[in-house]
Amino acid sequence: MGSNSDIFPADSWVYKPPIWLRNGHLATIYPALVRRITLPSPYERERIPTPDDDFLDLDWIRAGRERLVIISHGLEGNSERAYIQGMAHAFWSCGFDVLAWNYRSCGTEMNRSLTMYHSGATADLACVVDHAIRQGYGSIQLVGFSLGGNLTLKYLGEKARPQEIKKAVVFSVPLDLSAGSDHISRRENRIYERRFLRSLKRKVIAKKVQFPSLDTTRLDEIQTLRAFDDRFTAPLHGFVDAEDYYQQCSSRYFLKSINRPALVVNAANDPFLPTACLDPGLFEDAPFASFEKPALGGHCGFASFKNKPWYWSEQRALAYCLTDE
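How each quantity is defined
- Position numbers for residues count from 1 along each chain, tracking the sequence in the order it is written.
- pLDDT decides what is reported in this predicted model: residues at 70 or higher carry local features, side-chain atom pairs at 80 or more are listed and counted, and totals for whole chains, interfaces and linings draw on all residues regardless.
- Processing note: side-chain calculations cover all non-hydrogen atoms of the structure and skip hydrogens and water entirely.
- Runs of E in the DSSP output that reach at least two residues are strands. Runs of H or I that reach at least four are helices, and both are numbered from the N terminus.
- Throughout, a residue-residue contact means that at least one pair of heavy atoms, one from each residue, lies within 4.5 Å.
- Joining through side-chain atoms within 4.5 Å is the link that ties buried Ala, Val, Leu, Ile, Met, Phe, Trp, Tyr and Cys residues into a set, and such a set is a nonpolar core.
- Each residue is placed in one exposure class: buried if its accessible area under a 1.4 Å probe, protein chains only, is under 20% of its type's maximum, exposed if it is over 50%, and partly exposed if it falls in between.
- The directions considered for the arc are those from the helix axis to the C-beta atoms.
- Here a polar contact is taken to be a pair of N or O atoms separated by no more than 3.5 Å, where protein atoms must pair a possible hydrogen donor with a possible acceptor and residues adjacent in sequence count only if both atoms sit in side chains.
- Pairing between strands requires that DSSP locate at least two bridges from one strand to the other.
- Between N-to-C directions, angles cover 0 to 180 degrees, with each direction set by a line fitted to C-alpha atoms, over the stretch in contact for helices.
- Working definition: a disulfide is two cysteine sulfur atoms within 2.5 Å of each other.
- A side-chain nitrogen of Lys or Arg and a carboxyl oxygen of Asp or Glu constitute a salt bridge if their distance falls within 4 Å.
- Within this analysis, patches are made of residues with over 30% relative accessible area and no salt bridge. Like charges are joined at 9 Å or less; nonpolar side chains (Val, Leu, Ile, Met, Phe, Trp, Tyr) at 5 Å or less.
- Areas reported here follow the Shrake-Rupley algorithm with a probe of radius 1.4 Å; residue values treat only the protein chains shown as occluding.
- For a helix, the expected span equals 1.5 Å multiplied by the number of residues minus one.

A.B. asks: Please explain the environment of Pro294 as it appears in this structure.
C.D. replies: You can see Pro294 is positioned in the loop between β8 (289-292) and α10 (312-322). Along the backbone, Pro294 and Lys16 are 278 residues apart, and their C-alpha atoms lie at a distance of 9.0 Å. Beyond its immediate sequence surroundings of up to four residues, Pro294 is in contact with Tyr15, Val265, Asn266, Ala267, Ala268, Phe302 and Trp312.

A.B. asks: What is the right way to look at the nonpolar core in this model?
C.D. replies: Across soluble globular proteins, you tend to see nonpolar side chains buried next to one another. Membership of the largest hydrophobic core comes to 58 residues, with the highest contact counts inside it found for Ile70, Leu99, Trp101, Leu142 and Leu153. Looking at this core element by element, the count peaks at six residues for helix α4 (residues 122-134). In contact with Leu99, not counting residues within four places along its chain, are Leu58, Asp59, Trp60, Leu68, Val69, Ile70, Ile71, Val128 and Ala132. Among the nonpolar cores identified, the runner-up in size contains 38 residues, and Tyr43, Val143, Val169 and Ala303 belong to it.

A.B. asks: Honestly, helix α2 (residues 24-34) in this entry has me stumped. Any pointers?
C.D. replies: Residue pairs three or four apart in sequence face the same way in an α-helix, which turns once every 3.6 residues. Those residues of α2 that sit buried are Gly24, Ala27, Thr28 and Pro31. All buried residues of α2 lie within an arc of 100° about the axis, which places them on one face of the element. Next to the buried residues of α2 lie α3 (82-93) and α7 (190-210). With a side-chain oxygen positioned 2.9 Å from the backbone nitrogen of His25, the residue opening α2 is Asn23.

A.B. asks: In this structure, what is going on with the sheet that holds β8? I would like to understand it.
C.D. replies: What holds strands together in a sheet is hydrogen bonding between their backbones, with the strands either parallel or antiparallel. Strands sit in the order β1-β2-β4-β3-β5-β6-β7-β8 across an open sheet of eight strands; the sheet is mixed. In this open sheet, the two strands that pair with only one neighbour each are β1 (44-49) and β8. For this sheet, the mean angle separating the axes of adjacent strands, direction not counted, is 20°. On top of the sheet, α10 reaches β3 (67-72), β5 (139-145), β6 (165-171), β7 (262-265) and β8; it is set at about 155° to β6, its chief contact.

A.B. asks: Any chance you could explain the state of the cysteines here in plain terms?
C.D. replies: Each disulfide consists of a covalent bond between the sulfur atoms of two cysteine residues. Taken as a whole, this structure holds zero disulfides when the rule is applied. Left unpaired, Cys249 is separated from the closest cysteine sulfur, that of Cys277, by 14 Å. With relative accessibility at 2%, the residue Cys249 sits in the buried group. As a non-bridged cysteine, Cys321 has Cys94 as the owner of its nearest cysteine sulfur, 10 Å distant. The class of Cys321 is buried, set by a relative accessible area of 1%.

A.B. asks: Is there a simple way to think about the pattern of salt bridges in this case?
C.D. replies: Applying the stated criterion to the full structure yields 20 salt bridges. Of the charged contacts, one joins Arg47 and Asp57 as a salt bridge, the two residues approaching to 2.8 Å between their closest N and O atoms. With Arg47 in strand β1 and Asp57 in strand β2 (residues 55-61), the pair connects residues that are ten residues apart, well separated along the chain. The exposure class of Asp57 is buried, given its relative accessible area of 3%. Salt-bridge contacts for Arg226 lead to Asp182; the nearest nitrogen and oxygen are separated by 2.9 Å. One end of the pair, Arg226, is in helix α8 (residues 225-236); the other, Asp182, is in helix α6 (residues 177-183), with 44 residues separating them in the sequence. Judged by its relative accessible area of 24%, Arg226 is partly exposed.

A.B. asks: Looking at this structure, I do not really get a nonpolar patch on the surface. What am I missing?
C.D. replies: A cluster of nonpolar residues, Trp20, Leu26 and Phe305, forms a patch on the protein surface that exposes about 280 Å² of accessible area. Secondary-structure assignment places Leu26 in helix α2. Residue Leu26 is classed as partly exposed on the basis of its relative accessible area, which comes to 36%.

A.B. asks: Explain α4 here, please?
C.D. replies: Here α4 contains 13 residues, and its C-alpha end-to-end distance of 18 Å stays within 8% of the 18 Å for a straight helix at 1.5 Å per residue. Listed as buried for α4 are Thr122, Asp124, Leu125, Ala126, Cys127, Val128, Val129, His131 and Ala132. Looking at the residues trailing α4, positive phi occurs at Gly136, about 105°.

Note that every value here comes from positions in space, so none of it alone points to a role or purpose.
In structure tokens:
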């Protein structure tokens, strides 16, 4: 393998999309609808227990390498999403084993407990990291998208974490969950919000089958993510209400406590993110966390056709993680 500068020349760190992908909505939707990834080998599924008698489904691509990347998906995503598989393929190609994990209720089978997942459920990420360390990995990189990016940053900033974790790179992160929740309810973003709500409501109905005492009355009347979080996410996971959940779990409040190099990349034209999530000032007192705001890229988009099959986000993540090795 060549040097980092050989693989990723400095000019590749500036995102320059095709002219027809300059619109934030198109940059978001196009990769989700069109991109298809052929993994270097099929995922190997492993189910691990959690301390509260539930389980997490992990998807591995491994060959006994010393380095590992752990990839965390976004809201209502899973390890099969193109942005996850694209990142997995890129890191594998540069000498990493890969672990893409599925949050509770996001795998192929509904989880056992009444709780599911949320933006601050770092105990589950800790469970995944600790399991990977027990497999013998001494160098671990964390990559997260959207909700998974918030989760990753909160995990790193809560308390001291294992020394095996070397760096983190996160994309399209709702650093301020309250502002983000309100922003996605704007008229121009309702198409995304309705899609998320349909999926989340289906899961609540499935939970009702498992736990008949769960009150699902007036579920159909919920029209916003904030209302859903207020009615279900918050009380099911020990928060007073949606605002309490947002305040306790927003990664903006954990940035200054992070003690590993962490890169946050949020596009200025991301339709999901309000100005509160695009403020470089949030990082002024965060010595280990750095922030980049490309003008373009959309939400978990960053499509690129110069270095097929990799997208710019994959090139940027690798360039950051491989620097100074």
